[in-house]
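# Chains, contacts and geometry: an overview
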Amino acid sequence: MGLNDKKHEKTPQPMIKLPASKRIDIAAEYQKRTADKPKLNLVVIGHVDAGKSTLMGHFLYDIGHVNDRMMHKYERESQKIGKGSFAYAWVLDETGEERDRGITMDIATNHFETEHRQFTLMDAPGHRDFIPNMISGTAQADAAILVVDAATGGFESGFEAGGQTKEHAVLARSLGVQQLIVAVNKLDMKDWSETRFNEIKSTLSTYLNQIGFRKSNISFVPVSGLTGENLIKKSGIPELAWYQQGPTLMEQIDKFDPPVRLLEKPLRMRVTDFFKGGIGSSGGVSVAGNIESGAIQVGEAVMVVPGNEIGHVKVMEVNEETANWAAAGDSVLMTIVNLDIMNLSVGCILCNPNVPVPVTSSFEAQIVVFDTHMPITPGYPFILHYGSLDEPASISKLLEVLNKSTGEVVKRNPRCLTKGMTAKIQVKLSQRAIPLETFKDNKQLGRIMLRKDGKTVAAGVVTEILTYGS
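Summary of the structure given here. Nothing here was measured: the structure is a model prediction, and the numbers come from that model.

Thresholds, definitions, all that
- Residues numbered from 1 in each chain as written.
- Predicted model: local features only at pLDDT ≥ 70, side-chain atom pairs only at ≥ 80, totals over all residues.
- Heavy atoms only, no water.
- Core = buried A, V, L, I, M, F, W, Y, C linked by side-chain atoms within 4.5 Å.
- Buried < 20%, exposed > 50% of the residue type's maximum accessible area, 1.4 Å probe, protein only.
- Helix = DSSP H or I, 4+ residues; strand = E, 2+ residues; numbered from the N terminus.
- Contact = heavy atoms within 4.5 Å.
- Salt bridge = Lys/Arg side-chain N within 4 Å of Asp/Glu carboxyl O.
- Phe/Tyr/Trp six-rings, centres within 6.5 Å; stacked < 30°, edge-to-face > 60°.
- Lys NZ or Arg CZ within 6 Å of the ring centre and 35° of its normal.

Bringing the nonpolar core into the picture now. Counting 57 residues, the largest nonpolar core has Val182, Leu204, Leu249 and Ile253 as its most contacted members. Counting residues per element, this core draws most heavily on strand S4 (residues 143-149), at six residues. If near-sequence neighbours (up to four positions away) are discounted, Leu249 is found in contact with Met56, Phe59, Ile145, Ile181, Val221, Val223, Asn230 and Leu231. Membership of the second largest hydrophobic core comes to 35 residues, among which are Val427, Ala433, Ile434 and Ile465.

Structure (structure tokens):
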């Protein structure tokens, strides 16, 4: 349900410390804020070494997000350690280990604007070792840029067995991303070959359609992250004459459709980081995360789940700027008082104390089975990925095999599940209960991922919570 729906639920009122006269009409403020420039969360995904960080680092530099002095500093420092071509990547890869290894390990966040949109940009790691971080970032995204390497053998190594191009695309679609730009990077290394571009486009289009992306929601843009060709300005080089009428990366990003936010649902904010001490010189505990549904303002109470401890919001920043309120889709840092830091953990959820998120260790889900080496049977152990959480779990029961197109039951109580099947299953968490919501109640919190031995074996949505509490 979104702000503009005709049917309005009565939004649960939060427990508050501030008088009614000081309360903000967040629905009205949100409409004012997004009237000119709607806001989207954009994730950059793709196989390791496809050039994601260099591409988006150069993009941010070209739109003025990074000044010349800082860029020259990155160039000097990267040259000192013999990695001069990594200078643009350093705009996003900020830690020493990321720069030494030349790979992104965690989610890097930046903010930028196009002519008609505001974006929070998340650069996800491409290396298979950091897939949990990639899942955590993509779970917050409304749209994605899939970066592929057009160099000889580059696209093939990412797309074929062991590459991350396919898995990243499947994960993005399974996590609710519907709009995708494929940035065909390093095409300059193939002399901007139209044949190579079309070859990649044809192969990827077929695959992306198979995993659920609509043709109308996919676009392909030839670019070079290193030279900056076709990122912001239309290229004038003769080798790209065949693409003269096509959009730049910036123009294509500006065409993304804004999402409908779950403003009228109860507050749900996934915690991605926390630390002792408040924003500025204030006391308390600071908590960072993305608001998945509902809204919050300074002075209101929030509950941490699991744990059910209640604190009050003292100070807040939205997109690194001081704010009095935040709503679904916002990336938030807030200071909470009267809260014990020992009750916080990455993956816990801040919610409306009057309507807390359920906590469960057993639930039903509808899943699609991907590539798996062996059939999935009752008792099958896996790692459940849910937002920032990854928890050991097992399939306690196979309930039904469903027709992928109609949803009709094809077989009840199947003995096993194999590649391509859609099925209903029961899941049992092995160690602890987690905060979880059905897809029907909250689309943002109702998606799950099943991984085993470093591979994604299935993905789906929570259909029913079977047990409540720990």
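Next, the rest of the story.
Summarising burial for helix H7 (residues 165-174): eight of the ten residues are buried, a large majority. Among the residues of H7, those classed as buried are Thr165, Glu167, His168, Ala169, Val170, Leu171, Ala172 and Ser174.

We now examine the pattern of salt bridges. Overall, the coordinates contain twelve salt bridges when judged by the stated rule. The closest approach of N and O atoms between Glu400 and Arg412, which form a salt bridge, is 2.9 Å. With Glu400 in strand S19 (residues 389-402) and Arg412 in strand S20 (residues 409-412), this pair connects stretches of sequence that are twelve residues apart. Judged by its relative accessible area of 16%, Glu400 falls in the buried class. Salt bridges sharing common partners tie together Glu156, Arg196 and Glu199.

Turning next to the packing of aromatic side chains. All told, the structure shown has six aromatic pairs when counted by the stated rule. A centroid spacing of 6.5 Å and a plane angle of 65 degrees characterise the contact between Phe119 and Phe256, whose relative ring orientation is edge-to-face. Linking Phe119 in strand S3 (residues 118-123) with Phe256 in the loop between helix H9 (249-253) and strand S7 (268-276), this pair joins segments that are 137 residues apart in sequence. As far as burial versus exposure is concerned, Phe119 and Phe256 are alike and both buried. Note on Phe197 and Tyr243: the rings are 6.4 Å apart at their centroids and 65 degrees apart in plane angle, and the pair reads as edge-to-face. Taken as a pair, Phe197 in helix H8 (residues 194-210) and Tyr243 in the loop between strand S6 (218-222) and H9 lie far apart in primary sequence, 46 residues in all. Ring pairs connect the aromatic residues Phe59, Phe112, Phe119 and Phe256, which therefore count as one cluster. The ring centre of Phe213 lies 5.9 Å from the NZ or CZ of Arg173, which sits over that ring. Residue placement shows Lys452 over the ring face of Tyr380; its charged tip is 5.2 Å from the ring centre.

Nothing here speaks to function; it is all geometry.
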